[in-house]
Amino acid sequence: MKIIDARGISKSFKDIKEDKPVLNHVDFSMEEGEFVAVMGPSGSGKTTLLFCVSGMDTVDSGRVLFLNRSLSECGERTF
Ligand SMILES: Nc1ncnc2c1ncn2[C@@H]1O[C@H](COP(=O)(O)OP(=O)(O)OP(=O)(O)O)[C@@H](O)[C@H]1O
Ligand SMILES: [Mg+2]
(Lines give C-alpha, C1' and ligand atoms only; values in the text may rest on other atoms or scores of the structure.)
(Ligands and ions follow the chains in the order given, each with its own letter.)
Protein backbone atom coordinates (compact mmCIF):
# COMPACT_ATOMS: atom_id res chain seq x y z
CA MET A 1 0.00 0.00 0.00
CA LYS A 2 1.25 3.48 -0.86
CA ILE A 3 1.75 5.63 2.23
CA ILE A 4 2.79 8.75 0.34
CA ASP A 5 1.68 9.40 -3.22
CA ALA A 6 2.67 12.74 -4.72
CA ARG A 7 1.86 13.62 -8.32
CA GLY A 8 3.05 16.55 -10.37
CA ILE A 9 4.24 18.66 -7.48
CA SER A 10 5.86 22.00 -8.21
CA LYS A 11 7.36 24.56 -5.86
CA SER A 12 9.28 27.78 -6.32
CA PHE A 13 10.89 30.14 -3.87
CA LYS A 14 10.62 33.88 -4.29
CA ASP A 15 13.98 35.37 -5.10
CA ILE A 16 14.68 39.10 -4.97
CA LYS A 17 14.06 39.41 -8.70
CA GLU A 18 12.06 36.37 -9.75
CA ASP A 19 10.58 33.05 -8.66
CA LYS A 20 13.15 30.31 -8.47
CA PRO A 21 11.64 26.94 -9.49
CA VAL A 22 12.93 24.07 -7.34
CA LEU A 23 10.43 21.25 -7.94
CA ASN A 24 9.01 20.97 -11.45
CA HIS A 25 6.15 18.46 -11.80
CA VAL A 26 7.72 15.81 -9.57
CA ASP A 27 6.10 12.42 -8.93
CA PHE A 28 7.09 10.64 -5.71
CA SER A 29 5.59 7.69 -3.89
CA MET A 30 6.51 5.39 -1.03
CA GLU A 31 5.14 2.01 -0.12
CA GLU A 32 4.51 1.04 3.47
CA GLY A 33 7.79 -0.29 4.92
CA GLU A 34 9.82 0.85 1.94
CA PHE A 35 13.25 2.37 2.52
CA VAL A 36 14.01 5.27 0.19
CA ALA A 37 17.16 7.34 -0.28
CA VAL A 38 16.93 10.67 -2.09
CA MET A 39 20.18 11.54 -3.84
CA GLY A 40 21.31 14.57 -5.80
CA PRO A 41 23.71 17.52 -5.76
CA SER A 42 23.50 20.21 -3.11
CA GLY A 43 20.74 22.64 -3.98
CA SER A 44 18.88 20.22 -6.25
CA GLY A 45 15.79 20.24 -4.02
CA LYS A 46 16.03 17.12 -1.84
CA THR A 47 15.08 18.85 1.39
CA THR A 48 12.36 20.83 -0.39
CA LEU A 49 10.91 17.59 -1.78
CA LEU A 50 10.93 15.85 1.61
CA PHE A 51 9.36 18.88 3.31
CA CYS A 52 6.60 18.97 0.70
CA VAL A 53 5.73 15.27 0.80
CA SER A 54 5.81 15.21 4.62
CA GLY A 55 3.47 18.16 5.03
CA MET A 56 6.10 20.39 6.62
CA ASP A 57 5.78 22.75 3.68
CA THR A 58 3.12 23.34 1.03
CA VAL A 59 3.31 22.85 -2.73
CA ASP A 60 2.40 25.46 -5.34
CA SER A 61 0.68 22.87 -7.54
CA GLY A 62 0.17 19.14 -7.78
CA ARG A 63 -1.13 16.96 -4.99
CA VAL A 64 0.27 14.98 -2.08
CA LEU A 65 -1.75 12.07 -0.70
CA PHE A 66 -0.90 10.64 2.72
CA LEU A 67 -2.82 7.41 3.35
CA ASN A 68 -5.06 8.38 0.42
CA ARG A 69 -5.97 11.73 1.94
CA SER A 70 -4.89 14.99 0.39
CA LEU A 71 -2.45 16.77 2.70
CA SER A 72 -3.89 20.12 1.68
CA GLU A 73 -7.19 19.09 3.25
CA CYS A 74 -5.64 17.80 6.47
CA GLY A 75 -5.33 19.74 9.69
CA GLU A 76 -3.20 19.18 12.75
CA ARG A 77 -5.76 16.79 14.21
CA THR A 78 -6.62 14.79 11.10
CA PHE A 79 -4.67 11.65 11.93
N1 LIG B 1 13.18 28.65 2.45
C2 LIG B 1 13.81 28.91 1.28
N3 LIG B 1 13.77 30.15 0.75
C4 LIG B 1 14.37 30.40 -0.45
N5 LIG B 1 15.04 29.50 -1.17
C6 LIG B 1 15.12 28.25 -0.67
C7 LIG B 1 14.51 27.89 0.57
N8 LIG B 1 14.76 26.57 0.81
C9 LIG B 1 15.48 26.14 -0.24
N10 LIG B 1 15.70 27.14 -1.13
C11 LIG B 1 16.44 27.02 -2.41
O12 LIG B 1 15.91 25.91 -3.11
C13 LIG B 1 16.95 25.17 -3.75
C14 LIG B 1 16.90 23.73 -3.26
O15 LIG B 1 17.27 23.70 -1.89
P16 LIG B 1 17.23 22.38 -1.01
O17 LIG B 1 17.59 22.80 0.37
O18 LIG B 1 15.91 21.70 -1.19
O19 LIG B 1 18.38 21.52 -1.69
P20 LIG B 1 19.09 20.18 -1.15
O21 LIG B 1 19.10 19.25 -2.34
O22 LIG B 1 18.41 19.70 0.09
O23 LIG B 1 20.57 20.69 -0.83
P24 LIG B 1 21.62 20.10 0.26
O25 LIG B 1 22.20 18.83 -0.34
O26 LIG B 1 22.66 21.18 0.34
O27 LIG B 1 20.90 19.88 1.55
C28 LIG B 1 18.24 25.91 -3.43
O29 LIG B 1 18.54 26.75 -4.52
C30 LIG B 1 17.91 26.71 -2.20
O31 LIG B 1 18.67 27.90 -2.15
MG1 LIG C 1 19.06 19.39 2.04
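Since the structure is predicted, the reported quantities are computational estimates derived from the model, not experimental observations.

A.B. asks: What's the story with the site of ligand 1 in this structure? I'm lost.
C.D. replies: Taken together, Phe-13, Lys-20, Val-22, Pro-41, Ser-42, Gly-43, Ser-44, Gly-45, Lys-46, Thr-47 and Thr-48 make up the full set of residues adjacent to ligand 1. At 2.7 Å, a side-chain N or O of Lys-20 approaches an oxygen atom of ligand 1. Taking Thr-47, its side chain carries an N or O atom lying 2.8 Å from an oxygen atom of ligand 1. Burial of ligand 1 by the protein amounts to 56% of the accessible area it has alone, namely 640 Å². Listed by contribution, the elements that provide at least two residues to the shell around ligand 1 are β2 (19–31) and α1 (46–54).

A.B. asks: Explanation requested: the pairing of strand β1 (residues 2–14) in the structure shown.
C.D. replies: Every regular strand shows the same layout, with side chains that alternate between the two sheet faces. One ladder, built from nine bridges, connects β1 with β2; its direction is antiparallel. Across the sheet, residue Lys-14 finds its bridge partner in β2, namely Asp-19. Pairing of β1 with strand β3 (residues 61–66) involves five bridges; the strand directions are antiparallel. Residue pairing for β3: Asp-5 is matched across the bridge by Leu-65.

A.B. asks: What exactly am I supposed to notice about the state of the cysteines here?
C.D. replies: In protein chemistry, a disulfide is the covalent bond that joins the sulfur atoms of two cysteines. Summed over all chains, the structure comprises zero disulfides. Cysteine Cys-52 is unpaired, with the sulfur of Cys-74 as its nearest cysteine sulfur at 15 Å. Given a relative accessible area of 2%, Cys-52 falls into the buried group. When its relative accessible area of 21% is taken as the criterion, Cys-74 is described as partly exposed.

A.B. asks: What is the right way to look at unusual backbone geometry in this model?
C.D. replies: Peptide bonds are, in most cases, trans, and in most cases residues other than glycine have a negative phi. A positive phi angle, close to 55°, is found at His-25, a residue other than glycine. Take His-25: it is sitting in strand β2. Backbone geometry at Asn-68 places phi at a positive 65°, although glycine is not the residue there. Along the chain, Asn-68 falls in the loop between β3 and β4 (69–70). Assessed through its relative accessible area of 63%, Asn-68 is described here as exposed.

Definitions and cut-offs
Residues numbered from 1 in each chain as written. Chains lettered and ligands numbered in written order. Predicted model: local features only at pLDDT ≥ 70, side-chain atom pairs only at ≥ 80, totals over all residues. Heavy atoms only, no water. Near = heavy atom within 4 Å. Polar contact = N/O pair within 3.5 Å; in protein donor to acceptor, adjacent residues only side chain to side chain. Areas by Shrake-Rupley, 256 points an atom, 1.4 Å probe, with all protein chains shown as cover. Helix = DSSP H or I, 4+ residues; strand = E, 2+ residues; numbered from the N terminus. Pairing = 2+ DSSP bridges. Disulfide = S-S within 2.5 Å. Buried < 20%, exposed > 50% of the residue type's maximum accessible area, 1.4 Å probe, protein only.

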